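Observations on the model geometry
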Amino acid sequence: MERRKFLKDVAKAGVGAIAGLTVGSAMSFAAQKKIELPLPYVKLDPKRVADKAYDGFYQHECAYGVFNAVISELQEKVGGPYLGIPTLMFWYGGGGAAGWGTLCGTLNAAGAIFNLTCPEKDFKAMIDTLYDWYQKTPLPTYVPCKGKWCKQPFPESVSHSPLCHVSVQRWCKIASVKFGKPVLYNSKERSERCARLAASVAAKVVEMLNGYHFGNFKPYKVKGAQKTKMDCRLCHEVTMHELS
């Protein structure tokens, strides 16, 4: 009888402890302050971030490479709200979102970084400025200082588009590298190009953020037509009448 009573008392104590833990956890969660954007930003080293983005590409592709490179630095230097952001969430963006060849993963990640670190009045202009730079600049500019491709020059190309499949195809044409399916994985040279591109974009993102928060850099807005800022004619042979 005493043994049975003992077991019942233990069971009650266990349930009470779990209930107390659950209530305590809920109260703790409810007491947390709502995270407001933008998050605090500190000046980062573009070269360090670029190196990290390059390595990150070979871990989980381009979007992760850029996002992890910047956010992990802010996790280390700022802490706070950045510590709760899982950088692996941007793994999906590789190859233009799971290999679909849409928005370049580096730009996808960069947009999220600007959204987190810049005020509402300017984060879209930061995106405009970066995307405009991306489609007009010969890329990639980054040159690794370690590994198989250490200090080797690489072909550069102008994408004229923020889309992965256009950007990759234009580079392949310049570099005389075979373009096929899947989008990113049938050529070591092409993977290296995208790793360098991730590093180039990550460095540019940091340069823009440093200039915006600690310098005189002002982003600019890009005007679009037909409800888009991208020139759809680069991919589609259609008339303006057919678009309207």
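Presented here is an overview of the structure given in this document. (Residues numbered from 1 in each chain as written. Predicted model: local features only at pLDDT ≥ 70, side-chain atom pairs only at ≥ 80, totals over all residues. Heavy atoms only, no water.)

Relative to the 18 Å expected for 13 residues at 1.5 Å per residue, helix α3 (residues 105–117) spans 19 Å between its end C-alpha atoms, a close match to the ideal helical length. Burial analysis of α3 places 11 of its 13 residues in the buried class, which makes it a mostly covered element. Those residues of α3 that fall on the buried side of the exposure criterion are Gly 105, Thr 106, Leu 107, Asn 108, Ala 109, Ala 110, Gly 111, Ile 113, Phe 114, Leu 116 and Thr 117. Those residues of α3 hidden inside the fold are in contact with α2 (46–77), α4 (123–136) and α6 (188–214). (Helix = DSSP H or I, 4+ residues; strand = E, 2+ residues; numbered from the N terminus. Expected span 1.5 Å × (residues − 1). Buried < 20%, exposed > 50% of the residue type's maximum accessible area, 1.4 Å probe, protein only. Contact = heavy atoms within 4.5 Å.)

Moving on: the environment of Ala 203. By the element assignment, Ala 203 lies in helix α6. Here the alpha-carbon distance between Ala 203 and Lys 52, two residues 151 residues apart in the chain, equals 10.0 Å. Ala 203 has contacts with Pro 46 and Ala 50, leaving out every residue within four places of it along the chain.

Further remarks concern the packing of aromatic side chains. Given two aromatic rings, one states the distance between the centres and the angle between the planes to describe the pair. Scanning the model with the defined rule gives 8 aromatic pairs in all. For the ring pair Phe 57 and Tyr 58, a centre distance of 5.3 Å and an interplane angle of 85° mean the geometry is edge-to-face. Owing to a relative accessible area of 6%, Phe 57 belongs among the buried residues under this scheme. Chaining the aromatic ring pairs together yields one cluster made of Tyr 54, Phe 57, Tyr 58 and Tyr 142. (Phe/Tyr/Trp six-rings, centres within 6.5 Å; stacked < 30°, edge-to-face > 60°.)

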